[in-house]
Structures are given as structure tokens and as C-alpha cells.
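Per-entry structural report
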Amino acid sequence: IGITYAQFRVLNCLWKRGPLSQKEILKLIAVSPPTLTGLVDIIEKHKLVYRQPDLKDARTKRIYLTDKGKGI
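Remember, predicted model here, so these are calculated numbers, not experimental data.

1. Considering helix α2 (residues 22-29)
- Residues of α2 that are buried: Ile25, Leu26 and Ile29. Seen along its axis, α2 keeps its buried residues to an arc of 105 degrees; they face one direction. Of the exposed residues in α2, those oriented more than 90 degrees away from the buried face are Lys23 and Lys27.
- Residue alanine 30 follows α2 closely and has a positive phi angle near 50 degrees.

2. Some remarks on the side chain of serine 21
- Summarising the element assignment, serine 21 is placed in strand β1 (residues 20-21).
- Of the residues examined, serine 21 reaches a relative accessible area of 8% and is grouped as buried.
- Those residues within four positions of serine 21 in sequence are excluded, and the remaining contacts are Thr60, Lys61 and Arg62.

3. Here we look at the pattern of salt bridges
- Enumeration according to the criterion identifies five salt bridges in this entry.
- Ionic pairing is found between arginine 62 and glutamate 24, a salt bridge with its closest N-O pair at 2.5 Å. Placement of arginine 62 in strand β3 (residues 61-65) and of glutamate 24 in helix α2 is noted, with a sequence separation of 38 residues between them.
- With a relative accessible area of 30%, glutamate 24 lands in the partly exposed category.
- Here aspartate 54 and arginine 62 are joined by a salt bridge, their closest N and O atoms 2.6 Å apart. Arginine 62 carries the same exposure label as aspartate 54, and that label is buried.
- Salt bridges here are not isolated pairs; linked through shared partners, they connect Glu24, Asp54 and Arg62.

Procedures and definitions
Residues numbered from 1 in each chain as written. Predicted model: local features only at pLDDT ≥ 70, side-chain atom pairs only at ≥ 80, totals over all residues. Heavy atoms only, no water. Buried < 20%, exposed > 50% of the residue type's maximum accessible area, 1.4 Å probe, protein only. Helix = DSSP H or I, 4+ residues; strand = E, 2+ residues; numbered from the N terminus. Arc of directions from axis to C-beta. Contact = heavy atoms within 4.5 Å. Salt bridge = Lys/Arg side-chain N within 4 Å of Asp/Glu carboxyl O.

Structure, rendered in C-alpha cells:
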């Protein structure tokens, strides 16, 4: 389907738990922060996820699955 296993792990976390911050995803998949940023950047370019500021803390961005991301 054109994504790596690591990218799939991020999508799977979002599918199972809903929108998450990068810190929350880091705890679940245990990769380094720069690695996760790269993974999210790539899947965002493929329009599988999008980032949006958290409603309670504008410093935090939540990562959401798009409809295309949910289809995977």
C-alpha cells in the first residue's frame, strides 16, 4: 500500500486511540522524537494524517487520521 511498517505503526495508534500528540505516540511506539517527526511529516505529505492545535493547550498539536488514512 506504499507505506513502511513504522508509518503503519503511527497510523495504527491513531486508529485505535483517536487523535494523539506526538508525545503520546512516542510512548506507544518507542522511537526517537526526530524519527517520529519524520514519520509524521511523510504520512502528512501523503494526506493520511493532519496536525491541529489541541483545544486545551495550543502549544500541543494533535495528530488526526484523514479519511484516506482511515481507509488504510
